[in-house]
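# Architecture at a glance
Spelled out, the chains give:
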Amino acid sequence: MAAEDGTAQEYVPQKKNKEPTETEKRRKKIVPGSLMKAEIRPGGGDARPSDGDQVIYHCTVRTLAGVVVESTRSEYGGKGTPIRQVLGKSKMLLGLLEGLPTMLRGEVAMFKMKPQMHYSEEDCPVSPPSSFPRDDELHFEIEMIDFSKVVSDDLGVIKKVIDEGQGWESPREPYEVKAWISAKTGDDKVILSPKQGEPYFFTIGKSEVPKGLEMGIGTMTREEKAVIYVTNQYLTESPLMSVVGLEEVQFEVELIHFTQVRDMLGDGRLIKRRLRDGKGEFPMDCPLQDSLLRIHYKGMLLNEEKTVFIDTRIDNDGQPLEFSSGEGLVPEGFEMCVRLMLPGEVALVTCPPDYAYDKFTRPANVPEGAHIEWEIELLGFEMPKLIELQVTEDTYLEFMFEDYEFLSYLYHGSFFQDWTGLDFQGVMDEAEKIRTTGNRLFKEGKFELAKAKYEKVLREFNHVNPQDDEEGKVFLNTRNLLNLNVAACHLKSGECRKSIETCNKVLEANPAHVKALYRRGMAYMEVGDFEEARSDFEMMLKVDKSSEPDATAALKKLKQKQQDVEKKARRQFKGLFDKKPGEIADAGTDDRGEEQSTSENQKNDDQEDSNGTDTEDVEDVANEPREGLFSRLWPTGRRLFSALGLQRCAIL
């Protein structure tokens, strides 16, 4: 995922400032001493209900003198039916909203409530019964019968956990699930016998079980047992059972196992299917960061014969493949999937051509446009010395399941690397290694990966403190060059606004930086901000006379591009305002002469983009604006390039 500016920052979710909910506003009204609790009978277990859970309880309200005001119990004049409500969603008294989450299953407790905690609360959502003593302090005796997970907001699907499962991961589309499933109606009539034959196997999202059951299983973890109550609106037809005429079904489910199947791009083209579990906790023990990986893999064409074009156990003398992630050494789809594997895991990956070999060095026996299947075993990996993740576990969970940009973010290796203990020269040496890798990736057209390398160095530079003026000059110049590298990557990727923002960082430090002016001018020209582009190119002429050939060529191209835009506009609206009232004008009438001229201009632009000053080349800077006397006198200097092992100035 591209960073918003040249100083690469950690990837964190953008959280919006949400308005407090009505429940949160009500809870702020509670004052100390207005709600007191006394336990009458202890409950069992250690689980307590939370917001979103359905609670089932009996309630008896008494005055402080012991007179029963109202009750759900038959012995006190009630109907004998317990109350069913959902915490945080059902309308309930403030004292109950606050008190019920403190109770265990089976517990009986007495809550002493001030009037503002029951019906005398300002804007109380519940109306009191007739003749109710709403202004009195009262005792509420509560028996917590049960509570369970509500899967759907309308209470159409409710889950009650019998045995807790293992881990935190739950199945979701398109995971493959294996579970024992039995079912009965509300009057205990068995409609699906338990544990007959093999556990039921199905795929989430393919309507192979009723919708409500699938929703409930989607909240379960491995080896969990639960009862899932599903009402008729969620009882859809499926191969599992017939649901015709059923009002409610109680499913008893034991989740034996599920296979992780990940849609890496969100469009069904790049699919990773786990064949064998690895060791560790997903995703914390995966090689999310840039690492040295050891794998065995078999590559097959997705044709009828499943033609094998490579098998490292055979073709590589049985030796595994070793490669460093984040350096573009394997196809992008391959690396994205390996980053989400655990050591010892075996996965089957189906990959489209654009993430396989159409944008990578293609083996001789793989045709162009081939869909690929890889069977990958991650033997192990080694991370660089002390990686400091700046992403919380909650962020992992949110993005791993919802945001496919995060997968791209992982692929591009945007994490922190600790350089603690290195002196300034050691930091610069490490920076040079990463920069060199970025240069190679840029040459290969892998601009996102190259940008990630430059941003990694910029991120580390946030923690570098030069000790003297000499180090400060080297540091400043290196940071400016890296920002220009990032700007070039943005420009190549079509992210011109981001390129402009990154160039601005350089120009804030050095307003006369010729290369930053040139690159920002090119970005302005691409987005159609012609006046801003002209201003940058003219500024080049003012601050450095030696840049005149490059600035002049850029101004010439700018003039031509502006003329092309004006011609296109005239062509589009030709004749629109030349008709008399009542006549129909056709916008966009073809003009062969102008079309031919535009075509020639476009061809010239393309040629210039291939050979002229607009093209970036990582090592060859003959087409870059030259550094003149003014720039050489600015606080940079050739000492930087000697320190980096370079003999000449190079932007990338």
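Residues numbered from 1 in each chain as written. Predicted model: local features only at pLDDT ≥ 70, side-chain atom pairs only at ≥ 80, totals over all residues. Heavy atoms only, no water.

- An unreviewed UniProt entry annotates the protein chain as peptidylprolyl isomerase originating from Populus tomentosa.
- The record held by UniProt for the protein chain lists under Catalytic activity (unreviewed entry) the comment "[protein]-peptidylproline (omega=180) = [protein]-peptidylproline (omega=0)".
- Checking UniProt for the protein chain, the heading Sequence similarities (unreviewed entry) contains the comment "Belongs to the FKBP-type PPIase family." (UniProt positions renumbered as here; feature names shortened; annotations may be inferred.)

## Focus: unusual backbone geometry
- At the junction of E173 and P174, the peptide bond is cis and its omega measures out at 0° in the coordinates.
- Residue placement: P174 occurs in the loop between strand 7 (157-163) and strand 8 (176-185).
- Within the chain, D123 stands out as a residue other than glycine whose phi angle is a positive 60°.
- Note that D123 resides in the loop between strand 5 (108-113) and strand 6 (138-150).
- Exposure remark for D123: the relative accessible area of 66% places this residue in the exposed category. (Helix = DSSP H or I, 4+ residues; strand = E, 2+ residues; numbered from the N terminus. Buried < 20%, exposed > 50% of the residue type's maximum accessible area, 1.4 Å probe, protein only.)

## Observations regarding the packing of aromatic side chains
- Here the structure, examined in full by the defined rule, presents twelve aromatic pairs.
- Between F334 and W374, the ring centres sit 5.1 Å apart and the planes meet at 85°, which makes this aromatic pair edge-to-face. Separated by 40 residues along the polypeptide, F334 in helix 5 (residues 332-338) and W374 in strand 19 (residues 372-382) bring together distant segments of the chain. Residue F334 shares its accessibility class with W374, and that shared class is buried.
- Between the aromatic rings of Y518 and F537, the centroid separation amounts to 6.3 Å while the plane-to-plane angle is 50°, which identifies the pairing as tilted. Here Y518, found in helix 12 (residues 514-527), pairs with F537, found in helix 13 (residues 530-543); they are 19 residues apart in sequence, far enough to count as distant. The pair formed by Y518 and F537 is uniform in burial state, with each residue classed as buried.
- Pairwise contacts between aromatic rings join Y297, F309, F323, F334, Y357, F360 and W374 into one cluster.
- Across the ring face of Y76, the terminal group of R62 is positioned such that the distance to the ring centre comes to 5.2 Å.
- A cation over a ring is seen here: R222 above F258, with NZ or CZ 4.0 Å from the ring centre. (Phe/Tyr/Trp six-rings, centres within 6.5 Å; stacked < 30°, edge-to-face > 60°. Lys NZ or Arg CZ within 6 Å of the ring centre and 35° of its normal.)

## Here we look at helix 13
- When the terminal C-alpha atoms of helix 13 are compared, their 20 Å separation across 14 residues agrees well with the 20 Å that a helix rising 1.5 Å per residue should span.
- All of the buried residues along helix 13 are F530, A533, D536, F537, M540 and V543. (Expected span 1.5 Å × (residues − 1).)

## Things to note about the environment of F334
- Accessibility expressed as a relative area gives 2% for F334, which makes it buried.
- In the structure, F334 is positioned 22 residues away from A356 in sequence and 7.2 Å away in space, judged by C-alpha atoms.
- Look past the residues within four positions of F334 in its chain and what remains in contact with it is I295, Y297, F323, Y355, W374 and I376. (Contact = heavy atoms within 4.5 Å.)

## Quick notes on the packing of helix 12 against helix 13
- At a closest axis distance of 7 Å, the pairing of helix 12 and helix 13 adopts a crossing angle of 160°. The angle between the axes of helix 12 and helix 13 places the two elements in the roughly antiparallel class. Classified by chirality, the crossing of helix 13 by helix 12 is left-handed. Of the residues in helix 13, those in contact with V514, L517, Y518, R520, G521, M522, Y524 and M525 of helix 12 are F530, E532, A533, D536, F537, M539, M540 and V543.
- Partitioned by chemical class, the residues of the contact of helix 12 with helix 13 number twelve nonpolar, one polar and three charged. (Axes fitted to C-alpha atoms, helices over the stretch in contact; angles between N-to-C directions. Parallel < 35°, antiparallel > 145°, perpendicular 65-115°, else oblique. Left-handed = near helix turned anticlockwise from the far one by under 90°. Nonpolar A, V, L, I, M, F, W, Y, C, P; charged D, E, K, R; others polar.)

## Let's talk about helix 12
- In this model helix 12 runs 20 Å from its N-terminal to its C-terminal C-alpha over 14 residues, within 8% of the 20 Å that 1.5 Å per residue would give.
- Within helix 12, twelve of the 14 residues are buried, leaving the element largely enclosed by the surrounding structure.
- Listed as buried for helix 12 are V514, K515, A516, L517, Y518, R519, R520, G521, M522, A523, Y524 and M525.
- Just beyond helix 12, the residue with positive phi is G528, at close to 90°.

## Details of the packing of helix 8 (residues 424-443) against helix 10 (residues 469-492)
- One way to put it is that helix 8 packs onto helix 10 with a least axis distance of 12 Å and a crossing angle of 20°. With respect to their mutual orientation, helix 8 and helix 10 come out roughly parallel. Note on packing geometry: the crossing formed by helix 8 with helix 10 is left-handed. Contacts between helix 8 and helix 10 involve F424, M428, R435 and F442 from the former and E471, V474, F475, T478, L482, N485, A488, C489 and K492 from the latter.
- Tallied by class, the residues present in the contact of helix 8 with helix 10 amount to eight nonpolar, two polar and three charged.

## A short note on the UniProt feature "repeat: TPR" (unreviewed entry) in the protein chain
- The UniProt record marks residues 514-547 with the feature "repeat: TPR" (unreviewed entry), using the residue numbering of this structure.
- Here residues 514-547 is 82% helix and 0% strand, with 8 Å between the C-alpha atoms at its ends.

## Points about the pattern of salt bridges
- All told, the structure shown has 40 salt bridges when counted by the stated rule.
- Its salt-bridge partner being R269, residue D267 comes within 2.9 Å of it at the nearest N-O pair.
- By relative accessible area, which is 44% here, D267 ends up partly exposed.
- Note that E377 is salt-bridged to R313, the shortest N-O span being 2.3 Å. Placement of the pair is E377 in strand 19 and R313 in helix 4 (residues 312-315), with a sequence separation of 64 residues.
- Given the relative accessible area of 14%, E377 is considered buried.
- Classification of R313 by relative accessible area gives partly exposed; the value is 46%.
- Residues joined in a network through salt bridges with shared partners are D290, E335, R339, K453 and K456. (Salt bridge = Lys/Arg side-chain N within 4 Å of Asp/Glu carboxyl O.)

## A short note on the nonpolar core
- Counting residues in hydrophobic clusters, the biggest one holds 32 residues, and the most contacted among them are L270, F334, I372, W374 and I376.
- Of all the secondary-structure elements, those providing two or more residues to this core are strand 15 (292-301), helix 5, strand 18 (346-351) and strand 19.
- The next biggest cluster of nonpolar side chains, apart from the first, holds 30 residues, and it includes V177, L213, A226 and L235. (Core = buried A, V, L, I, M, F, W, Y, C linked by side-chain atoms within 4.5 Å.)

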